[in-house]
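# Examining the three-dimensional arrangement
Take a look at the letters that make up each chain.
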Amino acid sequence: MQLNEMVSFWQVSDIINDTSLNNIIVIHTAVILFLVVVYYKIVSRRKISLAKRIPGPDGFFFVGMLPVLLGGPEKLLKNILKIGRKFENTLFKAWILDQLYVFPGNPEEIEAILTNPNMFNKAKLYNVASESIMGDGLFTNRVFDEWKNNRKLVAAGFKFSMLKSFIPIFYEEAKFLSQVLYEKRDSNTNECEISCAIGMATMEMIGRTALGVKFNTQKNAKHEFLENLHFIQKAVEYRVTHPWFLNRSLFQLSTYKRKHDISQSIIYRFIEDLVQRKKTELKNRINSQGEHNEEWGQDTTALAIACSIFMLAHHQDIQNKVLEELLTIFSTGDPDRPPTYEDLQKMDYLERVIKETLRHFPPFPLFGRNVEKETVIGGYLIPAGSSVIFCSGRIHFNANLYPEPEKFNPDHFLPEACRSRHPYSFLPFSGGYRNCIGMKYAMLQMKSVVSTLVRSYRFSPSDKCPKPENLRLTYAGTQAFVDGCYVKIEERV
Ligand code: HEM
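What counts as what
- Residues numbered from 1 in each chain as written.
- Predicted model: local features only at pLDDT ≥ 70, side-chain atom pairs only at ≥ 80, totals over all residues.
- Heavy atoms only, no water.
- Helix = DSSP H or I, 4+ residues; strand = E, 2+ residues; numbered from the N terminus.
- Rg over C-alpha atoms; globule rule 2.2 N^0.38 Å.
- Buried < 20%, exposed > 50% of the residue type's maximum accessible area, 1.4 Å probe, protein only.
- Areas by Shrake-Rupley, 256 points an atom, 1.4 Å probe, with all protein chains shown as cover.
- Lys, Arg positive; Asp, Glu negative; His and termini not counted.
- Charge placed at Lys NZ, Arg CZ, Asp CG, Glu CD.
- Pairing = 2+ DSSP bridges.
- Axes fitted to C-alpha atoms, helices over the stretch in contact; angles between N-to-C directions.
- Phe/Tyr/Trp six-rings, centres within 6.5 Å; stacked < 30°, edge-to-face > 60°.
- Lys NZ or Arg CZ within 6 Å of the ring centre and 35° of its normal.
- Contact = heavy atoms within 4.5 Å.
- Near = heavy atom within 4 Å.
- Polar contact = N/O pair within 3.5 Å; in protein donor to acceptor, adjacent residues only side chain to side chain.
- Nonpolar A, V, L, I, M, F, W, Y, C, P; charged D, E, K, R; others polar.
- pLDDT = per-residue confidence, 0-100.
- Salt bridge = Lys/Arg side-chain N within 4 Å of Asp/Glu carboxyl O.
- Donors = N, O, S within 2.8 Å, 3.2 Å for Na, K, Ca; no water.
- Parallel < 35°, antiparallel > 145°, perpendicular 65-115°, else oblique.
- Left-handed = near helix turned anticlockwise from the far one by under 90°.

Of regular secondary structure, the protein chain possesses 20 helices and 11 strands. Whereas a compact globule of 493 residues would reach a radius of gyration of roughly 23 Å, the protein chain reaches 26 Å, a difference of no more than 12%. Across its three principal axes, the protein chain shows a C-alpha extent of roughly 100 × 50 × 50 Å. Within the span of the protein chain, comprising 493 residues, buried residues form 52% of the whole. Of the accessible surface of the protein chain, which amounts to about 24,200 Å², a share of 57% is contributed by carbon and sulfur atoms. Of the charged side chains in the protein chain, 61 are positive and 53 negative; the average position of the first set lies 4 Å away from that of the second.

This is the structure in structure tokens:
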């Protein structure tokens, strides 16, 4: 193009009015989008053709089932379960933008995936967790040998003798928690929001048992570390429900990014300080990679403890049975004594209550694996590059596995009921290669706290949340309360 021709081009542009310019922009964008779609369809034609054979909702052109995510994090699980009901006990697929997700529908499919070494890697969604605070720790590690070594090191911290030594700490913090809750309650109505105080207590327990450090979170409700941890979780939730921000470059443009980075550096600094102090004390005994994972452990047990208390408040008959069991266990010796390991092992009924709570409110309601190579699952060839997402609720509310699944019934976990079910019918701790390493720790901690609280107080429904279905939970990587967890607290006489 000659210089004079260019000049005349710009002169012509000047006289094009705004509407025509807008039209040109819209047309160009549409053409670019069309070319992107065509390019994507060509390079992914095998994935697309295999996906067509898998049952699942059709979704919308290009965006697939994106509207399910745009419904917000509170509706996410309900929406997935609603779609799942249309596909009964079989797996189904859903496209979200260019990502293919497959949701297994029965315990057999789940076992086949979780025990398959070729499906050891976590789903791509976990990149969000590694980019926030998880780094390459045990939870997100993608290299099998590295993960195996890390797992061995972290497992050493969960040996029986170690776990046993944690019980007095669990009890001490649980006693402190009961005092905090009592002081926090409204003295006229006895109403109390229990989730924040429980979160502080479990944080303190993790600090003392895993790092040997007192955060003093129970005494300092506005802890910088916790506040920033909560913000990071919010950012994870935001990225998962606005999946274009899963792309790291696009996330750079989001308003969350700056605050995310500040929170991330505060958390890292805090952990590094702790680790340095601890390393000096314990001469490098602690494996620093494992520590990034512990914060999520405290969140999960906090949710489970709060939900157990909430369900006991709403089921007085079950609460009475828990109390009866505790009175029997503590009938010998000082009735106010701390629990021993043996006492906790005798709390069979309480264990069933906690398991039933985890069935209703699995703290990790979604977790996933990456399909590295084409793999047959449930009779369908699943294309490489897709993600398998386990939605525990699909299994936990299956009436073939749990009769009257909506009912809160600890007898779902009677030994004979468990024996008659497939072992992968209960998924709060996942299973197979990468199951929860903190499962025994969590169970001892939850039993210690719930038993200590029930020994001190009678819990009943709060007017702020009169029915179990009024409890609002949202998805933030783990499940989290939308507006707290309210019950009434009365001292036992
Ligand atoms: C009720 C409490 C808990 C629940 C429901 C829970 C649940 C889970 C689940 C579902 C996974 C697998 C996630 C996946 O596959 O992506 C997991 C892994 C893990 N959990 Fe837990 N967890 C709990 C408590 C804890 C505690 C207390 C700790 C540590 C103190 C912990 C440490 C870990 C670690 C390190 C992993 C990664 C294991 C690996 O990839 O090898 N968890 N947890």
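Okay, the sheet that holds strand β3 (residues 191-193) next. Judged by pairing direction, the sheet is antiparallel, and its 3 strands sit side by side in the order β3-β11-β8 without closing on themselves. In the strand order of this sheet, the two ends are held by β3 and β8 (457-461), each with one partner. Going from strand to strand, the sheet's axes swing by 45 degrees on average, the running direction of each strand aside.

One pass over the full model with this rule turns up 24 aromatic pairs. Between F92 and F103, the aromatic rings sit 4.8 Å apart at their centres with planes inclined by 10 degrees, giving stacked as the arrangement. Taken together, the positions of F92 in strand β1 (residues 92-96) and F103 in strand β2 (residues 99-103) put the pair 11 residues apart, joining distant regions of the chain. You'll find F92 and F103 in the same group, each marked buried. Arranged with centres 4.6 Å apart and planes meeting at 25 degrees, the rings of F225 and F270 form a pair that is stacked. With F225 in helix α11 (residues 224-241) and F270 in helix α13 (residues 256-282), this pair connects stretches of sequence that are 45 residues apart. Through successive ring pairs, a cluster of aromatic residues spans F231, Y238, W244, F245, F251 and Y256. Of note, K259 hangs over the ring of F231, and the distance from its end group to the ring centre comes to 4.6 Å. Over the ring of Y402 we find R359, and its NZ or CZ is 4.8 Å from the ring centre.

If you walk across this open sheet you meet the 4 strands as β1-β2-β7-β4, and the pairing is mixed. Each edge of the sheet is formed by a strand with only one pairing partner; in this case those strands are β1 and β4 (366-370). Averaged over all pairs of adjacent strands, the angle between their axes in this sheet comes to 30 degrees, without regard to strand direction. The sheet contacts of helix α3 (residues 45-52) involve β1 and β2, and relative to β1 the element is tilted by about 140 degrees.

Around the ligand lies a shell of 28 residues, among which Y126, W147, R151, R369 and C436 are the nearest. At 2.5 Å from an oxygen atom of the ligand is found a side-chain nitrogen or oxygen belonging to Y126. Between the ligand and the protein, one listed contact pairs an oxygen atom with a side-chain N or O atom of R151 at 2.7 Å. Contributing elements (two or more residues each) for the shell around the ligand: α8 (144-156), α14 (288-314), β4 and α20 (439-456). Counted by class, the shell around the ligand contains 16 nonpolar, 7 polar and 5 charged residues.

Once that is clear, we can look at the confidence of the model for the protein chain. Chain-level statistics for the protein chain give a pLDDT mean of 88 and a share of 91% at 70 or above. Long-range and interchain partners of residues 284-295, a stretch whose pLDDT sits below 50, account for 34 contacts in this model, where long-range means more than four residues apart.

Looking now at the pattern of salt bridges. Scanning all chains against the criterion turns up 18 salt bridges. Across the salt bridge formed by R208 and E173, the nearest N and O atoms sit 2.6 Å from each other. With R208 in helix α10 (residues 195-211) and E173 in helix α9 (residues 160-184), this pair connects stretches of sequence that are 35 residues apart. As far as burial versus exposure is concerned, R208 and E173 are alike and both buried. Taking the shortest distance from any N to any O, the salt bridge between E237 and K234 comes out at 3.6 Å. Remark: K234 and E237 occur in helix α11; sequence separation between them is 3 residues, near one turn of the helix. Take E237: its relative accessible area is 11%, and that puts it in the buried class.

In this structure, the iron atom of the ligand receives exactly one donor atom from the protein: C436 (SG), at 2.3 Å. Tracing the chain through its elements places C436 in the loop between α19 (415-419) and α20.

Here we take up the pairing of strand β7 (residues 387-391). With 5 of 5 residues buried, β7 is to be regarded as a mostly interior element. By the alternation rule, side chains of β7 split into S387, I389 and C391 and V388 and F390, which are all buried. Pairing of β2 with β7, which is carried by 2 bridges, proceeds in the parallel orientation. Bridging from a neighbouring strand, V102 pairs with V388 of β7.

So, on to the side chain of T300. Following the sequence through the fold, T300 ends up in helix α14. Ignoring sequence-local partners within four residues, the contact set of T300 consists of P363, F364 and T478.

The interhelical angle for the contact between helix α7 (residues 127-134) and α11, taken along N-to-C directions, is 160 degrees, at an axis separation of 10 Å. Taken together, α7 and α11 sit at an angle that is classed as roughly antiparallel. At the point where α7 passes α11, the crossing takes the right-handed sense. Two secondary-structure elements touch here, α7 through V128, E131, S132 and I133 and α11 through L229, I232, V236 and R239. Considering only residue class, the contact of α7 with α11 consists of 5 nonpolar, 1 polar and 2 charged.

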